[in-house]
Amino acid sequence: EGDPFKGSDDANRWNNRNSGLVLEVLNALEDEWEILFELAINDWDGGQPDALTLITSKVAIDNVCDPVEGKLKVCNGDYGETKWRGINQVLLSNGFIISSVAKLNEFYLADADQSQRRYTMCHEIGHGFGLPHTDENFFNADLGNCMDYTSNPETNKSPDETNFMFLRELYGPVVRQNRVRTRRKRQRKLRGNNDNNNEEEEE
């Protein structure tokens, strides 16, 4: 089957006002995934051109990964011999994403090295924003971004400029005022913590 994410005109996207995407990402992961989750969020939230403002919230571990309207949830669990290491599922309403879940399959990832785990995390979160694969051939030259299919995840662990340019086409550039306001909100959340169905898989 072909890639359902063909280009910015055809890609699934969240509804926004063309001033960048502000999105809350729910961390429903077990503890061993915390560092890789933070690395992926920092990679996606710090890209140029800047089209994303991400707020993270730690929630109860959810291996089932039930969707939450208006949020992207990231989960891990042993989902069995599915032939996918990770999968992203989005729910659509009126042509827009209304929720997304990224599942990391411990059946394959429990014994995987850190490069593979980080690649899969980055890849599935990227699909949660509506991003397509940049390439679907495992055996050609790596493109150096985590939306590229690869047999060598060490070189493809993070997003690159092509991913951020695609996001800008989808959502427009972040408005600085919104970025400052949302970062303050994210900091407050972090302080508080301390005190239609489409799916896309990474094989």
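For the structure given in this document, a descriptive report is provided here.

Rules behind the numbers
- Residues numbered from 1 in each chain as written.
- Predicted model: local features only at pLDDT ≥ 70, side-chain atom pairs only at ≥ 80, totals over all residues.
- Heavy atoms only, no water.
- Disulfide = S-S within 2.5 Å.
- Helix = DSSP H or I, 4+ residues; strand = E, 2+ residues; numbered from the N terminus.
- Buried < 20%, exposed > 50% of the residue type's maximum accessible area, 1.4 Å probe, protein only.
- Pairing = 2+ DSSP bridges.

**Some points on the state of the cysteines**
Link 1 in the chain: By the definition in use, this model includes two disulfides.
Link 2 in the chain: In this model, C65 is linked to C75 through a disulfide, with the two sulfur atoms separated by 2.0 Å. Torsion about the S-S bond of the C65 and C75 cystine: about 80°, corresponding to right-handed handedness. Note that C65 is positioned in the loop between β2 (52-58) and β3 (71-77) and C75 in strand β3, a separation of ten residues in sequence.
Link 3 in the chain: For C65, a relative accessible area of 3% translates into the label buried.
Link 4 in the chain: Note on C75: relative accessible area 0%, which makes it buried.
Link 5 in the chain: Each bonded cysteine in the protein chain gets a number by its place in the sequence, and the pairs come out as 1-2, 3-4.

**What to know about the pairing of strand β4 (residues 86-93)**
Link 1 in the chain: Burial runs high along β4: six of the eight residues are buried.
Link 2 in the chain: Bridge count between β4 and strand β5 (residues 96-105): eight bridges; the pairing is antiparallel. Counted as the bridge partner of I87 is K103 from β5.
Link 3 in the chain: Between β4 and β5, which pair antiparallel and follow one another directly, the connecting turn spans two residues, one of which, N94, has a positive phi of 55°.

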